Structure formats: structure tokens, C-alpha cells
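# Per-entry structural report
Each chain is listed here by its residues.
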Amino acid sequence: MKLDSKVPEGPLADKWERHKFNLKLVNPANKRKYDVIVVGTGLAGASAAASLAELGYNVKAFCFQDSPRRAHSIAAQGGINAAKNYQNDGDSIFRLFYDTIKGGDYRAREANVYRLAQVSVNIIDQCVAQGVPFAREYGGLLDNRSFGGAQVSRTFYARGQTGQQLLLGAYSALSRQVATGKVQMFPRTEMLDVVLVDGKARGIVVRNLVTGQIESHSAHAVLLCTGGYGNAYFLSTNAMGSNVTAAWRAHKRGALFANPCYVQIHPTCIPVTGDHQSKLTLMSESLRNDGRVWVPKKVEDAEAIRKGQKRAEDINEDERDYFLERKYRSFGNLVPRDVASRNAKYVCDEGRGVAPTGLAVYLDFRDAIKRDGMKVIEAKYGNLFQMYEKITADNPYKTAMKIYPAVHYTMGGLWVDYNLMTNIPGLYALGEANFSDHGANRLGASALMQGLADGYFVIPYTLGDYLATLDYAKVPTDHEAFRATEEEVKKSVQDLLDVKGSKTVDEFHKDLGKLMWDYCGMSRNAEGLKLAKEKIQELRQEFKNNVKVLGTNDELNVTLEKACRVADFIELGELMIDDALMREESCGGHFREEYQTEDGEAKRDDDNFAFVANWEYKGENQAEVMHKEDLVFENVKLTQRSYK
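Described below are features of the structure shown in this document.

Rules used throughout
- Residues numbered from 1 in each chain as written.
- Predicted model: local features only at pLDDT ≥ 70, side-chain atom pairs only at ≥ 80, totals over all residues.
- Heavy atoms only, no water.
- Pairing = 2+ DSSP bridges.
- Helix = DSSP H or I, 4+ residues; strand = E, 2+ residues; numbered from the N terminus.
- Contact = heavy atoms within 4.5 Å.
- Axes fitted to C-alpha atoms, helices over the stretch in contact; angles between N-to-C directions.
- Expected span 1.5 Å × (residues − 1).
- Buried < 20%, exposed > 50% of the residue type's maximum accessible area, 1.4 Å probe, protein only.
- Polar contact = N/O pair within 3.5 Å; in protein donor to acceptor, adjacent residues only side chain to side chain.
- Salt bridge = Lys/Arg side-chain N within 4 Å of Asp/Glu carboxyl O.
- Phe/Tyr/Trp six-rings, centres within 6.5 Å; stacked < 30°, edge-to-face > 60°.
- Lys NZ or Arg CZ within 6 Å of the ring centre and 35° of its normal.
- Core = buried A, V, L, I, M, F, W, Y, C linked by side-chain atoms within 4.5 Å.
- Domains from an automatic or database assignment.
- Parallel < 35°, antiparallel > 145°, perpendicular 65-115°, else oblique.
- Left-handed = near helix turned anticlockwise from the far one by under 90°.
- Nonpolar A, V, L, I, M, F, W, Y, C, P; charged D, E, K, R; others polar.

## Quick notes on the sheet that holds strand β10 (residues 257–258)
Read from one edge of the open sheet, four strands run β16-β10-β20-β21, paired in antiparallel fashion. Because the sheet does not close on itself, it has two edges, and the strands there are β16 (413–414) and β21 (625–630). The pairing of β10 with β16 spans two bridges and is classified as antiparallel. Residue pairing in the sheet places Ala258 in a bridge with Gly413 of β16. Strand contacts of helix α17 (residues 558–582): β10, β20 (611–616) and β21, with the helix running at about 145° to β20, the strand carrying the most contacts.

## Concerning α17
Taking 1.5 Å of rise per residue, 25 residues should cover 36 Å, and α17 covers 36 Å from first to last C-alpha, within 8% of that figure. Counting buried positions along α17 gives 20 out of 25 residues, so the element sits mostly inside the fold. One side-chain oxygen of the residue at the start of α17 lies 3.3 Å from the amide nitrogen of Thr559, identifying that residue as Asn557.

## Notes on the sheet that holds strand β9 (residues 221–224)
Judged by pairing direction, the sheet is parallel, and its five strands sit side by side in the order β5-β2-β1-β9-β17 without closing on themselves. Edge positions in the open sheet fall to β5 (183–186) and β17 (427–429), since each of these has one partner strand only. Averaged over all pairs of adjacent strands, the angle between strand axes in this sheet comes to 20°, irrespective of strand direction. Note: strand β1 (residues 35–39) against β9, four bridges, orientation parallel. Counterpart to Val39 in the pairing with β9 is Leu224. Contacts from helix α13 (residues 447–467) reach β1, β9 and β17, with the element oriented near 150° to β9.

## Examining the pairing of β20
It is a general feature of regular strands that their side chains alternate between the two faces of the sheet. The element β20 is largely enclosed, with a buried count of six among its six residues. As judged from the two bridges shared by β10 and β20, these two strands associate in the antiparallel manner. By the bridge assignment for β20, Phe257 is matched with Trp615.

## Side note on the pattern of salt bridges
All told, the structure shown has 55 salt bridges when counted by the stated rule. Between Arg311 and Glu313 there is a salt bridge whose closest N-O contact spans 3.1 Å. According to the relative accessible area criterion, Glu313 is partly exposed, its value standing at 42%. Between Glu317 and Arg366 there is a salt bridge; the shortest N-O distance is 2.4 Å. Of this pair, Glu317 sits in the loop between α8 (299–306) and β13 (320–321) while Arg366 sits in helix α11 (residues 366–372); the two residues are 49 residues apart in sequence, bridging distant segments of the chain.

## Details of the pairing of strand β6 (residues 189–197)
β6 sits mainly inside the fold: eight of its nine residues count as buried. With eight bridges connecting them, β6 and strand β7 (residues 200–208) associate as antiparallel partners. In the strand pairing of β7, Asp193 is matched with Val205. Counted between consecutive antiparallel strands, the loop separating β6 from β7 contains two residues, among which Asp198 sits at a positive phi close to 55°.

## Digging into unusual backbone geometry
One non-glycine residue, Lys6, lies in positive phi territory at about 60°. Summarising the element assignment, Lys6 is placed in the segment before α1 (15–22). Residue classification places Lys6 among the partly exposed positions, given a relative accessible area of 38%. A positive phi angle, close to 70°, is found at Ala445, a residue other than glycine.

## Describing the packing of aromatic side chains
Within this structure, the stated rule accounts for 22 aromatic pairs. A ring pair is formed by Tyr34 and Tyr472, whose centres lie 5.4 Å apart and whose planes are at 65°; its orientation type is edge-to-face. Here Tyr34, found in the loop between α2 (28–31) and β1, pairs with Tyr472, found in the loop between α13 and α14 (480–499); they are 438 residues apart in sequence, far enough to count as distant. Using a relative accessible area of 3% as the deciding quantity, one classes Tyr34 as buried. One aromatic cluster is present, formed by Phe365, Tyr381, Phe385 and Tyr397 through successive ring pairs. A cation over an aromatic ring shows up here: Arg115 above the ring of Trp16, its NZ or CZ 4.8 Å from the ring centre. Lying over the aromatic face of Tyr322, Arg292 brings its terminal NZ or CZ to 3.7 Å of the ring centre.

## What about the nonpolar core?
Counting 183 residues, the largest nonpolar core has Ile80, Leu223, Tyr428 and Leu467 as the members making the most contacts within it. Looking at which element gives the most residues to this core, the answer is α17, with 13 residues. Each of two domains, domain 1 (266–408) and domain 2 (480–609), supplies a minimum of three residues to this core. Beyond its immediate chain neighbours, meaning those up to four positions away, Leu467 contacts Val26, Tyr34, Val36, Tyr57, His220 and Ala221.

## Quick notes on the packing of helix α3 (residues 43–55) against α13
Across the interface, α3 lies against α13 with an axial gap of 8 Å and an inter-helix angle of 30°. Comparing the axis directions of α3 and α13 gives the class roughly parallel. For the element pair α3 and α13, the recorded crossing hand is right-handed. On the side of α3, the interface is formed by Leu43, Ala44, Ser47, Ala48, Ser51, Leu52 and Leu55, while α13 contributes Leu448, Gly451, Leu452, Gly455, Tyr456, Ile459, Pro460 and Leu463. Partitioned by chemical class, the residues of the contact of α3 with α13 number eleven nonpolar, four polar and no charged.

## Considering the side chain of Gln277
Structurally, Gln277 is set in the loop between β11 (263–269) and β12 (292–296). Here Gln277 falls in the buried class, since its relative accessible area comes to 16%. Within polar-contact distance, the side chain of Gln277 engages the backbone nitrogen of Thr273 at 2.6 Å.

## Topic: the environment of Asp4
Here Asp4 shows up in the segment before α1. The exposure class assigned to Asp4 is partly exposed, which follows from its relative accessible area of 48%. Residues Asp4 and Tyr418, spaced 414 residues apart in sequence, show a C-alpha to C-alpha distance of 9.1 Å. Those residues in contact with Asp4 that lie beyond four places of it in its chain are Trp415 and Asp417.

Below you can see the structure in the form of C-alpha cells.
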């Protein structure tokens, strides 16, 4: 299979402008003749649906939540990056591009990342015009703060609820188009398959989550804006409903899945407390601007804390190890997420963790409160502190927060070209659902940037280039391709209901999550991955023979919804393990213990692994085939990442 990334020729800074001029156009009168399906209504989906409808296309938007406002984008806390250089501290489009390439450990496509940095400056203006209440300085100018992996302040924020405010902006734009009739909204509806006609994506098959009805919808193009697959680990910072089903079903129809082993572990999460938990809660990376990360220098002090005999404030300054500041003098507590996470793991492995489980480090605001005063800290982080106190019963104004790394974001996803189209004509993937912008590790505050860049400023141009090659004829949903796909979906659903086993879906999901975390989590090695491969195949077989799904299809059936998703997670988990086993190097969030520097940093192998690994589905119980897209770096020099 030959992959054409469609990256335009010419200087990096000119590629996007030249490409936009060379794209085919659909004239305004003809746009109303085309139908577009958008699956997902987070930042990527809502912005894409609103923008395409504004241009004149007829849009159908789908979400499994009861409202587009409940998309998981709402949970993002800390901010959104843009190369505005408002702080006059040396930022630029090229610096944002370079920080993103370096932060991703040189495993992202240069052209896509540079375009992201370019359009970032427009995103802020768009959102301000929508009324997004970004934080402002005393004089009224937009404020900025720093995030991991950068030495400049480029992150715009709305206290600790940036995702919510940005989603409300996109939702308002979407609602306007719903009111005009250009967007038809389908809530409580889950995509279960994509329909191909003559090799092109021409629609989807969905399940109405209230009635169980299996339905088909036809269009000229399908956009998947369905987020990432972090819930393969069961415990993650994702909403419990977040899943991989839409992308995975597209993969099984021929869409390549790229770099599935690239999973981001976020360093500032409220630690696990027991088996009773169904998800984990993120504490924004923005807290690392003012909070200092530390553990006791002595194992004995850590043991006393774990037993409840001492508290953080009982440890004197000279008995504290501010390990990120000690090891990374240039970046300190604002090293990228993969670096911060691994170092937290190292000190806990040494026996210096501070939670009863031994798996936590401190994030301490004592010095910031002394320096700036409680009112300043409260204005920046008050809602985050309140959330932490409600969950843990500890007041972070008085005692240090406890944090530990947890699964957060996935950099892998469906392969897309420069136009955001998968290798299936007419099938696009936007935001976290694609692989394109973050390499092996996403910098903080870049997820919101990518979602809105794809929806507001990329797909409105690139979609027209494809639609201009199609005629206006619509494929009816009684076409044999739709009927055949519907029957396959109905059979797969009924097969789950017919098992009538004794083990619940949640039990299977927890087993999968533990397996993935233990063997394919914060660090991996060949021996563990090979063992995990055997275990996950056994789990998959057990799921088929012993899963317990109550109820019927013809009703609201949450257990059935979960079963469909967990079945896909198990299959994806095996591919993640295959990908991690194949990539015999360490890069970003993919840390193979066999490949590390003397001081424990990720050690890349650029000669053999500077490529995107794209996996092709070959059928049930068949090994997937990998296709390489070589990464060519013309504007940055491949070097060992250093934040010291």
C-alpha cells in the first residue's frame, strides 16, 4: 500500500497558504447539494459542524451524550496554546512548531505541526469573538501562563475550566446552525460502523441508545471527531463513556490505525485509592506553574507519611527532594508530561512515594502562597483546589496536594493525510481521533488547539477539495451496501446478547485495564509485552464465551453499550501491544526499558524508527500488516531531547 501524505511542496512557512490556493473549490450555490456527517461534538466535531454548515453544506451531527455540551472536551482545564507572543518573551510560530516537534520526540509530521502553529493565532481571535471569557490582566489584555515543554508563556486560559468555555463557544456556533436548519442534531446516538460504496465512505450505521433501533444515514463524506482511546486502560482521566468504537470500526473497514502505542501519561492526577474507582480525576498541568513537585529525601520519612505518622508540613525544607528542579534546571517543574511522569514513577519505585499505596508525590503551593498571597493563587486555581478538596478532603491551601501519573491522552489514531482524510476516500478524522500533530508525546494545552484548528481552520478548506470531485447524487439508505452493513451490525450486537455468560462487562474492562497498565503503561519491555499478548488473547476468547450482557437490544441498555465498546478495546489493546513490541526504541510516551540513556531518559533510534507505523486490518484472528510513512525532517535537527 502506497501512502500519499499530500504534503505540499515548497518552504515550510508557505505550504499551507499555497495548498489552500491549489485546493479545488465548491461554489456557494453547490455547497447546499452536499451532505456531510460529523460524528462527535467535542471541540473538533462542534467546530467542524458549525463551520461547514455556515459555508452552506447540509450537516448531520451525532453524539452519544444527551447534549453536545457533554462531550469530553468540557473536562480540559489548563488552557490552549497560541503563538501570539503577547508576553514579548521570545515566542513565535516557529518556536511553537519547534517545541511541539521536540515535545513529540521527533515523531510527528513537520508540515502538519507547522500548520497547527500557524492557525493557532487565529483560534484565539475566533474564540474571543464568540465570547469565550479568557483570563485577562489588570489592563484588560489577554493573560498567558506557561505549560510543560516550553520556556515561554503562550497558554491562554479561563481559570481551570478552559475546555468548558471553549466548548460553550463552539456549541453556540453549532446551535446557531441547528436553529437555521443547516445542522440536524442526533443526540443519544452511537456510530457502530461506516458504510463504503465503491470504496468511498458514504454513510454510517448507528444505534439509537434510547430505543435500540439500528439506523443508517447517508452522506457524501464522513468526519470522525470521536476523541481518543485512553479508556482501554479502564482507569484514566477520560469520561467513562469515551471509547474507540467509531475509529476502530472504521479501521476494520480499511482505515489505517497509526502509532497505537503512543499513549500519554499525565503527571498530575489524583492518585488511585482502590478498586472501587471507575475513573480518575485530572489536576491541571497549569498547577505546575506555581506548585513545586517533591518527595522526602529519606525513605523513612516517606514510610512515616504513608502510615499517617507524618504530614507534608512535618518535612523540613532540607529534607525535601524537589526532584524535577534538581534534574532539569532549565525547565524545572515544567518539563513535558512524559518526563515528569517517568520521574514521579522513579522516586516512588525507590520507596519515597507519599500515599498509602506508595504511588504519589507532592505538588506543593506553600512557597507560591507565601510569595503571591492566597488571593492570587485562588484567582488562578480556586476551582481546581475546590475540586481537589471535595475528592480528597484535604485543603491544598494548607497542605500539599498528592498527585501521580495516569493515562490521559492518546497520540495514536487513524492515519490521515495533510487534508485530514484517512486512506479511505471521503472518510476524515479530526482532533484526537487522528495521529497527525503530536508525535510520541503531546505538549500540554495543545489538544484544544488541535481540535479547534482542525474544525475551524483546516477541514472547511480541505473537504471541498474532495467534494468537488463528486457528483451531487445521494446514495439511498436502502442501497445494498447499507443493508449489508446494517445486518452485520445487528448480528454483532445480537452475538453479545446471546453469550449469556457469568462475568460482567466491567470485570472484563478492569482486567483489560490492569493488563494494559502493567505491561503497556508508563514503561514497557519485550518480555512483558510478549506475556501481555498471550494474556489479552486469552481475555478476548473469554469475553466471547463468558460475557454477561443483560436485557435486549430494543431498549435503553447501558450494559450492551459498554459491551460493544469493551469488545473493541480488547482488540485495540492487542494492536497497541503489537505496536509497542515492534518499536524497539523509546520515544515520548512510549518508553521501552531496554532503550534508555544512562540517566533514564528515552533513547530514540532515528535510523530505524523515524516513521509512522500504520496498521492495516486483515480480518478476525489475522495478524495486522504494518505500512511505514517515513518522517522527513528538513527544518529541525534530530537531537536527544534535553530539558536540563
